[in-house]
Amino acid sequence: MVALLLAYAVTGRWWTAVLALAAVPVLWGLGLAELLGARLEDPGFLHALKALGRDFRDWGGELARWWQETKRELRETWNDDKPLPPPSGSSR
């Protein structure tokens, strides 16, 4: 990336800067993989990582239940204020 940025500084070609910027997420991903790979041998870290995953899964389930209940309550409240019109063809 440094070489690409130096090439951009010397030549002024825009695509070298774009390539350098596109490499940043790749570098982040490789750094994360290295960090996790180094820590996976530690049983305490692996246990904490699994617990964090369970917490996120539980939080996602609670969020989904909250959203379903909120939608239901909003529909009920909306229908209480504005009753549904009678179906077409009724005697009303």
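Please refer to the structure higher up on the page.
Residues numbered from 1 in each chain as written. Predicted model: local features only at pLDDT ≥ 70, side-chain atom pairs only at ≥ 80, totals over all residues. Heavy atoms only, no water.

Peer 1: In this structure, what is going on with the overall build of the chain? I would like to understand it.
Peer 2: The helix and strand inventory of the chain stands at three helices and zero strands. Its helices and strands in sequence order give the chain the pattern α-α-α, from N to C terminus. Taken across its 92 residues, the chain has 4% of its residues classed as buried. Of the roughly 8,300 Å² of accessible surface on the chain, 65% is carried by carbon and sulfur atoms. (Helix = DSSP H or I, 4+ residues; strand = E, 2+ residues; numbered from the N terminus. Buried < 20%, exposed > 50% of the residue type's maximum accessible area, 1.4 Å probe, protein only. Areas by Shrake-Rupley, 256 points an atom, 1.4 Å probe, with all protein chains shown as cover.)

Peer 1: In this structure, what is going on with the packing of aromatic side chains? I would like to understand it.
Peer 2: Each aromatic ring pair is specified by the distance between its two centres and by the angle formed by the two planes. Applying the stated criterion across every chain yields a total of one aromatic pair. On the numbers, 6.1 Å between centres and 40° between planes, the contact of W66 with W67 is tilted. Owing to a relative accessible area of 45%, W67 belongs among the partly exposed residues under this scheme. (Phe/Tyr/Trp six-rings, centres within 6.5 Å; stacked < 30°, edge-to-face > 60°.)

Peer 1: Hey, could you run me through the packing of helix 1 (residues 2-11) against helix 2 (residues 14-39) in this one?
Peer 2: Helix-helix packing: each pair is described by the crossing angle between the helix axes and the interaxial distance. Interhelical geometry of helix 1 versus helix 2 gives an angle of 160° and a closest axis separation of 8 Å. Relative to helix 2, helix 1 is oriented roughly antiparallel. Note on packing geometry: the crossing formed by helix 1 with helix 2 is left-handed. The residues of helix 2 that touch helix 1, namely those facing L4, L5, A7 and Y8, are W14, T16, A17, L19 and A20. Here the contact of helix 1 with helix 2 is composed, by residue class, of eight nonpolar, one polar and no charged. (Axes fitted to C-alpha atoms, helices over the stretch in contact; angles between N-to-C directions. Parallel < 35°, antiparallel > 145°, perpendicular 65-115°, else oblique. Left-handed = near helix turned anticlockwise from the far one by under 90°. Contact = heavy atoms within 4.5 Å. Nonpolar A, V, L, I, M, F, W, Y, C, P; charged D, E, K, R; others polar.)

Peer 1: Honestly, a nonpolar patch on the surface in this entry has me stumped. Any pointers?
Peer 2: Residues L40, L46, L49, L52, F56, W59, L63, W66 and W67 make up a contiguous nonpolar surface patch of about 920 Å² in total accessible area. Mapping L63 onto the fold places it in helix 3 (residues 43-81). (Patch = residues over 30% accessible without salt bridge, like charges linked within 9 Å, V, L, I, M, F, W, Y side chains within 5 Å. Salt bridge = Lys/Arg side-chain N within 4 Å of Asp/Glu carboxyl O.)

Peer 1: I would appreciate a short explanation of the side chain of T16 in the present structure.
Peer 2: Mapped onto the secondary structure, T16 falls in helix 2. For T16, the residues in contact, after removing those within four places along its chain, are L4, A7 and Y8.

Peer 1: What am I meant to see in the environment of L21 here?
Peer 2: Along the chain, L21 turns up in helix 2. A sequence separation of 17 residues divides L21 from L4, and the C-alpha atoms of the two residues are 9.4 Å apart.

Peer 1: I keep staring at helix 2 and nothing clicks. Help me out?
Peer 2: Structural remark: α-helix, 3.6 residues per turn; residues separated by three or four positions point the same way. With 26 residues, helix 2 ought to run about 38 Å at 1.5 Å a step, and its terminal C-alpha atoms sit 39 Å apart, in line with that. Among the residues of helix 2, T16, A17 and A20 are the ones counted as buried. On its buried face, helix 2 sits against helix 1. (Expected span 1.5 Å × (residues − 1).)

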